[in-house]
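Architecture at a glance
The primary structure of each chain is shown beneath.
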Amino acid sequence: MPTAERHKMVSMEGVVKYFGRLKALNQVSLDVKDGEKVVIIGPSGSGKSTLLRSINRLEEIDDGRIFVDGINIYDPAVDINKIREEVGMVFQSFNVFPHKTVIQNLTLAQIVVRKRSKEEATERAMRLLRKVGITEKSSAYPNQLSGGQQQRVAIARSLAMDPKIMLFDEPTSALDPEMIGEVLDVMKTLAREGMTMVVVTHEMGFAREVADRIIFMDNGTILEEGIPEHFFTNPSQERTKLFLSQIL
Amino acid sequence: MAPVRRKRKKIEDPGRPPIVVGDGAAIPTKKDVGLFNAWRISFFGSLVVVVCLIVFKPDPYLRIFAFVPDGIWVTFKVTVGSILLALVIGLFTGLGRLSTRKIISGIASLYVEVIRGIPLLVQLFYIYFALGRIVQLPAMTSAIIAMAICYGAYMGEIFRAGIQSIPKGQMEAARSLGMTKSQAMAQVILPQAVKVILPPIGNEFVALLKDSSLVSILAVADLLRRGREFAAETFTYFETYTVVALVYLIITLFFSKLISRMEERISANR
């Protein structure tokens, strides 16, 4: 895929993050271009989630700079809420709002943040629910939904804000095996439509199929990156080989 | 009439569930069959006693019962007024305690610590007379403000615990959608926290109802004060305080039952 000419949606420069004395991110630099799908893999505790969460400032970084769509998000003058409107985030634990119905989950931020009318927000929400295949449950509460359905609602909720980039933090890790497919299908559709995506996952099949680039992290650094064909068949680092042999 | 204000003593022991000792009104649950019976016996028992006293010994009991209803109304007004004001104070205290700004959380914590460290009766005197130096307010208003300031600290802790009981991911999800902290608090966190907060607030309400008897020393003609006035005139101390105690018991038991019903409904809706 020709990605060289497209502008950078995310640009991280020398990002450092500490948790107490633990260095969670150690001089990480990474660019994600418009429309690119980047999959981040690595052992637990390697800093993948921290990296992802720092892109919309759910984690404050200790050094380095992060640009989203050309804006330095750690600039004190920047309104982080404006950035977050453009950055969709999907969590491992879904985090749907349990006190709101499915449709209200999708309309809330549209109305409160994007200042859309209720009708406009509802119409868009219904369209997105059709897309993720949950139309018949639009007035149900999240606790009446399966995990897979909840996660699809969460994805639709993010999409309702018309984000320029979607971040996925292990979106299928909390799901029963039979529900993983339905969530991955939604993500694949999204990828085909050209959404810029950064995905932290252990689903290697998904990575192989969707990723433009795979990033392998260990101990807070990016150890290796490459296109899926190379990465899976011929990794250069011993650590990567070991990890892949354990997981595949 | 010692204003003991320890709601719940938690004795933690690893491996065993914590023992919760409530000194507030015994709020019965459906599971607790013995307590449920105890509630019935005391509630209907007191009603029967009241009726018997009036029927068989109208003098002085009928006169006492004719004299105290004004006081019940005042007690009710003080209780409702204080609880509403305490809820507002509690909300801001709870939010303040959780604020990332050191100065705000510092002030809120200071307020809670100071209030919790002083007996309620002393606080009532202090706030009542401190208010009197600044503004001239009716006795009842001062008493309500004083009670609310005291109870606001406990309410604050309830709000704080309620807000903290909501998983962190909810706030993160809301913020990720571009909501400000206050939007997320108002739209996502507080509506969920209310369900957690409501039962302990019910407890506070009953506790406040009982503690409101303390305002009788502040020239507020509540139930206890009316009783004292009547007793002082007629020298029927024993009879009057019997009635006062019975009336408090009936009201308190009634509200504890109401609150436990409410709790059941909430937990059923979950």
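The rules behind the values
Residues numbered from 1 in each chain as written. Chains lettered and ligands numbered in written order. Predicted model: local features only at pLDDT ≥ 70, side-chain atom pairs only at ≥ 80, totals over all residues. Heavy atoms only, no water. Helix = DSSP H or I, 4+ residues; strand = E, 2+ residues; numbered from the N terminus. Rg over C-alpha atoms; globule rule 2.2 N^0.38 Å. Contact = heavy atoms within 4.5 Å. Areas by Shrake-Rupley, 256 points an atom, 1.4 Å probe, with all protein chains shown as cover. Lys, Arg positive; Asp, Glu negative; His and termini not counted. Charge placed at Lys NZ, Arg CZ, Asp CG, Glu CD. Expected span 1.5 Å × (residues − 1). Buried < 20%, exposed > 50% of the residue type's maximum accessible area, 1.4 Å probe, protein only. Arc of directions from axis to C-beta. Pairing = 2+ DSSP bridges. Axes fitted to C-alpha atoms, helices over the stretch in contact; angles between N-to-C directions. Parallel < 35°, antiparallel > 145°, perpendicular 65-115°, else oblique. Left-handed = near helix turned anticlockwise from the far one by under 90°. Nonpolar A, V, L, I, M, F, W, Y, C, P; charged D, E, K, R; others polar. Buried area = accessible area lost by both parts, 1.4 Å probe. Salt bridge = Lys/Arg side-chain N within 4 Å of Asp/Glu carboxyl O. Core = buried A, V, L, I, M, F, W, Y, C linked by side-chain atoms within 4.5 Å. Phe/Tyr/Trp six-rings, centres within 6.5 Å; stacked < 30°, edge-to-face > 60°. Lys NZ or Arg CZ within 6 Å of the ring centre and 35° of its normal. pLDDT = per-residue confidence, 0-100. Patch = residues over 30% accessible without salt bridge, like charges linked within 9 Å, V, L, I, M, F, W, Y side chains within 5 Å.

Turning our attention to the overall build of chain A. For chain A, the helix and strand inventory stands at nine helices and ten strands. A compact globule built from 248 residues should have a C-alpha radius of gyration of about 18 Å, and chain A, at 18 Å, falls within 12% of that. For the C-alpha atoms alone, the extent of chain A along its principal axes is close to 55 × 45 × 40 Å. Within chain A, residue pairs in contact and separated by at least 24 positions form 66% of the contacts whose partners lie at least 6 positions apart. For chain A, the exposed surface amounts to about 10,700 Å²; the carbon and sulfur share of it is 48%. Computing the positive centroid from 32 side-chain charges and the negative centroid from 34, chain A places the two 3 Å apart.

Let's shift gears to helix H9 (residues 223–234) of chain B. Residue and element names in this part refer to chain B. With twelve residues, H9 extends 17 Å from end C-alpha to end C-alpha; this agrees with the ideal 16 Å at 1.5 Å per step. Residues of H9 that are buried include every one of Leu223, Leu224, Arg226, Gly227, Phe230 and Ala231, and no others. Buried residues of H9, seen end-on, are gathered within an arc of 160° and therefore sit on one face of the element. Downstream of H9 by one or two residues, Phe235 has phi in the positive range, about 60°.

So, on to the sheet that holds strand E3 (residues 37–41) of chain A. Residues and elements named next belong to chain A. Taken together, six strands build an open sheet; the order of strands is E6-E7-E8-E3-E9-E10 and the sheet is mixed. Every other strand in the sheet has two partners, leaving strand E6 (87–90) and strand E10 (221–226) as the edge strands with one partner each. Averaged over neighbouring strand pairs, the angle between their axes works out to 20° when direction is ignored. By the bridge criterion, four bridges tie E3 to strand E8 (residues 196–200) in an arrangement that is parallel. For Lys37, the partnering residue across the bridge sits in E8 and is Met197. Contacts between helix H5 (residues 147–159) and the sheet are confined to E6 and strand E7 (165–169), with E6 contributing the most and set at about 170° to the helix.

Attention now goes to the environment of Val188 of chain B. You can see Val188 of chain B is positioned in helix H8 (residues 181–211). Counting along the chain gives 17 residues from Val188 of chain B to Met171 of chain B, while the straight-line C-alpha distance between them is 7.4 Å. With sequence-adjacent residues up to four places away left out, Val188 of chain B is seen in contact with Phe97, His99 and Leu108 of chain A together with Gln170, Ala174, Met179 and Gln183 of chain B.

Turning to the packing of helix H5 (residues 120–134) of chain B against helix H6 (residues 139–164) of chain B, a few remarks are in order. For any two helices packed against each other, one specifies the crossing angle of their axes together with the interaxial distance. Residues and elements named next belong to chain B. Taken N-terminus to C-terminus, the directions of H5 and H6 make an angle of 130°; their axes are 9 Å apart at the nearest point. By the criterion of interaxial angle, the relationship of H5 to H6 is oblique. Crossing angle aside, the handedness with which H5 passes H6 is right-handed. Between H5 and H6, the residues in contact are Leu120, Gln123, Leu124, Ile127, Tyr128 and Leu131 and Ala139, Ser142, Ala143, Ile145, Ala146, Met147, Ile149, Cys150 and Tyr151, respectively. When its residues are assigned to classes, the contact of H5 with H6 shows 13 nonpolar, two polar and no charged.

This part takes up the interface of chain A and chain B. Opposite the 25 residues of chain A that make contact, chain B presents 17 residues. Carbon and sulfur atoms make up 59% of the surface buried where chain A meets chain B, a total of about 1,700 Å² over both sides. At the boundary of chain A with chain B, the tally comes to one salt bridge. The shortest N-O distance in the salt bridge between Arg53 of chain A and Glu172 of chain B comes to 2.6 Å.

Counting 101 residues, the largest nonpolar core has Met12, Ile40, Leu51, Ile66, Phe97 and Leu167 of chain A together with Met179 of chain B as the members making the most contacts within it. No other element matches the 13 residues that H8 of chain B contributes to this core. With near-sequence residues (within four places) excluded, Ile40 of chain A lies in contact with Lys48, Leu51, Val198, Val199, Val200, Thr201, Ile215 and Met217 of chain A. Ile41, Val102, Met166 and Leu184 of chain A belong to the second-largest nonpolar core, a separate cluster that totals 46 residues.

Per the counting criterion, the structure on display carries twelve aromatic pairs over all chains. An angle of 85° between the planes, with centres 5.5 Å apart, marks the rings of Phe231 of chain A and Phe232 of chain A as edge-to-face. Grouped by ring-pair contacts, the aromatic residues Trp39, Phe43 and Phe44 of chain B constitute a single cluster. Over the ring of Trp39 of chain B we find Lys257 of chain B; its NZ or CZ atom is 5.0 Å from the centre of that ring.

Right, let's get into the confidence of the model for chain B. All names here are of chain B. Looking at chain B as a whole, its pLDDT mean stands at 86, while 86% of the residues score no less than 70. In this model, residues 1–14 is a region of pLDDT below 50 whose contacts with residues beyond four sequence positions or in other chains number 30 contacts. In the predicted assembly, ipTM is 0.92 and pTM is 0.84.

Take the sheet that holds strand E1 (residues 8–19) of chain A next. The strands making up a sheet associate through backbone hydrogen bonding, with each pair oriented either parallel or antiparallel. With antiparallel pairing, the four strands of this open sheet are ordered in space as E2-E1-E4-E5 (chain A). Of all the strands in the sheet, the pair left with one neighbour each is strand E2 (22–33) and strand E5 (71–72) of chain A.

Bringing helix H6 (residues 177–192) of chain A into the picture now. A rise of 1.5 Å per residue sets the reference length of H6 of chain A, with its 16 residues, at 22 Å; its end C-alpha atoms lie 24 Å apart and thus fit the reference within 8%. Among all positions in H6 of chain A, only Met179, Ile180, Val183, Leu184, Val186, Met187, Lys188, Leu190 and Ala191 of chain A are buried.

Bringing a nonpolar patch on the surface into the picture now. All names here are of chain B. Side chains of Leu110, Val114, Ile118 and Val122 sit close together on the surface and give an oily, nonpolar patch of about 340 Å² of accessible area. Its place among the elements puts Val122 in helix H5. For Val122, a relative accessible area of 45% translates into the label partly exposed.

Turning to the pairing of strand E4 (residues 63–68) of chain A, a few remarks are in order. All names here are of chain A. Summarising the sheet, E1 and E4 pair through five bridges and their orientation is antiparallel. Directly across from Ser11, in E4, lies its bridge partner Phe67. Relative to E5, E4 is paired through two bridges, and the arrangement is antiparallel. Residue pairing for E5: Val68 is matched across the bridge by Ile71. Connecting E4 to the antiparallel partner E5 that follows it, the hairpin turn spans two residues, and Asp69 within it adopts a positive phi of roughly 50°.

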